[in-house]
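Chain residues, written in single-letter form:
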Amino acid sequence: MSLRGGWKLWRALRRYRNDKNLEAVLHMDWSKSPDLNVFLGDIEDRLHGEEITKLQQKQAEYLALQNQINPHFLYNALEAIRADALLADCEEIAETTEALATFFRYTISNVQEYVTFSDELDNAENYFTIQRCRFGDKLSLELEMENEELLEARMPKLILQPLVENAVSHGLEGKIEHGTVRIIVENSEQTLFLRVRDDGIGMPEEQVERLNAQFAGDSTTVSGQQRGGIALRNVNSRIRLMFGEDYGLRIYSAAGIGTECCITLPLLSQED
């Protein structure tokens, strides 16, 4: 190697000691030092080969994790339980097991970004069937929808069920008497309104104000454990990220009377 080449290599090493930027050293023009050019090219190939190997290892680990939570095993096990229940003439157990399998299939395996309101309603009804296994006839679910065409309205997946779950878990679970969850679907020319109303224990005014401030994006009001906070905030955040700040979730409630969660979405058809 020439004196000039040695000087260039010394400068390159000094640069590497200063900024640790190996790529910059490797991509320098070493064409006038053929042996050094081949040597550094081999280093670059080895480095890139190690990166590819690491990526392949990570992919293998990811696939192994997926296999650990294989949903088909769950579905097959639930179907076996359902079959045994039918043979034993336990129709309620069979119905609950079928609802649980369908619920998991929808929430785990269906990766569609948009679904119809009919799909969301089916999923909420399956969730309610599962909950009736715990509460029996203490709970009922009702639907109010004058415009049946709204069954085909498009929306992000897993919007409705978290609202129904919130009504059951935080509104009706602590109520002694019978409780009702009512799903109300309305629309204007460009907007879809989904309301989930319960006649449960309700919330004090200050808690409603805190939640609504969070839904509106006021980070200064974030607090600890609140009624339905996490699931509802996730739903609200997804809607606002996808459609903008004109859409989202708002809560209306009164202690001892009940709670209503209202979601506004753009009215989307199959063609949109």
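Below: a short report on this structure. This structure is a prediction, so every number in the text was calculated from the model and none was measured. (Residues numbered from 1 in each chain as written. Predicted model: local features only at pLDDT ≥ 70, side-chain atom pairs only at ≥ 80, totals over all residues. Heavy atoms only, no water.)

## Observations concerning the overall build of the chain
And then number 1: When its secondary structure is counted, the chain shows nine helices and seven strands.
And then number 2: Split into buried and exposed, the 272 residues of the chain put 36% on the buried side.
And then number 3: Sequence separation of 24 or more characterises 66% of the internal contacts of the chain that already satisfy a separation of 6 or more.
And then number 4: Summed over its atoms, the accessible surface of the chain is roughly 16800 Å², and 52% of this surface lies on carbon and sulfur atoms. (Helix = DSSP H or I, 4+ residues; strand = E, 2+ residues; numbered from the N terminus. Buried < 20%, exposed > 50% of the residue type's maximum accessible area, 1.4 Å probe, protein only. Contact = heavy atoms within 4.5 Å. Areas by Shrake-Rupley, 256 points an atom, 1.4 Å probe, with all protein chains shown as cover.)

## Overview of the environment of Ile257
And then number 1: Checked against the element boundaries, Ile257 lands in the loop between β6 (248-254) and β7 (258-266).
And then number 2: Beyond its immediate stretch of four places on either side in the chain, Ile257 contacts Asp198, Asp199, Gly200 and Ile201.

## Quick notes on the packing of aromatic side chains
And then number 1: Considering all chains together, one arrives at four aromatic pairs under this definition.
And then number 2: Seen in terms of ring centroids, Phe103 and Tyr127 are 6.3 Å apart; in terms of plane orientation they differ by 40°. Their pairing is tilted. Within this pair, whereas Phe103 is found in helix α5 (residues 91-109), its partner Tyr127 is found in helix α6 (residues 117-135), the two being separated by 24 residues in sequence. Neither Phe103 nor Tyr127 differs from the other in exposure class; each is buried. (Phe/Tyr/Trp six-rings, centres within 6.5 Å; stacked < 30°, edge-to-face > 60°.)

## Some details on the environment of Ile263
And then number 1: Here Ile263 shows up in strand β7.
And then number 2: Sequence separation between Ile263 and Gly248 is 15 residues, and the spatial gap between their C-alpha atoms is 5.5 Å.
And then number 3: When near neighbours in sequence (up to four residues on either side) are disregarded, Ile263 contacts Ile159, Leu163, Leu192, Phe193, Leu194, Val235, Ile239, Gly248 and Leu249.

## Side note on the sheet that holds strand β4 (residues 179-187)
And then number 1: Strand order in the open sheet made by the five strands is β2-β4-β5-β7-β6, with mixed pairing throughout. A single partner strand is all that each edge strand has here, and the edge strands are β2 (139-145) and β6. Between one strand and the next, the sheet's axes are offset by a mean angle of 15°, whatever the strand orientation.
And then number 2: Pairing analysis gives seven bridges linking β6 to β7, with the strands arranged antiparallel. Pairing of Ala254 across the sheet is with Gly258, part of β7.
And then number 3: Along the sheet, α6 contacts β2, β4 and β5 (191-198); its crossing angle with β2, the most-contacted strand, is approximately 160°.
And then number 4: This element, helix α7 (residues 160-172), spans β2, β4, β5 and β7 of the sheet and lies at about 150° to β4. (Pairing = 2+ DSSP bridges. Axes fitted to C-alpha atoms, helices over the stretch in contact; angles between N-to-C directions.)

## Notes on the side chain of Thr259
And then number 1: Mapped onto the elements, Thr259 comes out in strand β7.
And then number 2: Given a relative accessible area of 3%, Thr259 falls into the buried group.
And then number 3: Here the side chain of Thr259 touches Ser253 through a polar contact of 2.7 Å, side chain to side chain. (Polar contact = N/O pair within 3.5 Å; in protein donor to acceptor, adjacent residues only side chain to side chain.)

## What about a negative patch on the surface?
And then number 1: Taken together, the side chains of Asp89, Glu91, Glu92, Glu95 and Asp137 make up a negatively charged region of the molecular surface.
And then number 2: Along the polypeptide, Glu91 turns up in helix α5. (Patch = residues over 30% accessible without salt bridge, like charges linked within 9 Å, V, L, I, M, F, W, Y side chains within 5 Å. Salt bridge = Lys/Arg side-chain N within 4 Å of Asp/Glu carboxyl O. Lys, Arg positive; Asp, Glu negative; His and termini not counted. Charge placed at Lys NZ, Arg CZ, Asp CG, Glu CD.)

## Some thoughts on the nonpolar core
And then number 1: Judged by nonpolar contacts, the single largest core of 39 residues is most densely connected at Phe117, Val164, Leu194 and Ile263.
And then number 2: Sequence-distant contacts of Leu194, defined by excluding residues within four places in its chain, comprise Phe117, Met155, Ile159, Ile184, Val185, Cys261, Cys262, Ile263 and Leu265. (Core = buried A, V, L, I, M, F, W, Y, C linked by side-chain atoms within 4.5 Å.)

## A short note on the environment of Glu149
And then number 1: Within the fold, Glu149 resides in the loop between β2 and β3 (154-156).
And then number 2: Residues Glu149 and Ser118, 31 residues apart in the sequence, show an inter-C-alpha distance of 10.0 Å.

## Let's talk about the packing of α6 against α7
And then number 1: At a closest axis distance of 8 Å, the pairing of α6 and α7 adopts a crossing angle of 25°. Here α6 is positioned roughly parallel relative to α7, judged by the angle of their axes. Here α6 runs over α7; the crossing is right-handed. Contacts between α6 and α7 involve Phe117, Glu120, Leu121, Asn123, Ala124, Tyr127, Phe128, Gln131 and Phe135 from the first element and Leu160, Gln161, Val164, Glu165, Val168 and Ser169 from the second. (Parallel < 35°, antiparallel > 145°, perpendicular 65-115°, else oblique. Left-handed = near helix turned anticlockwise from the far one by under 90°.)

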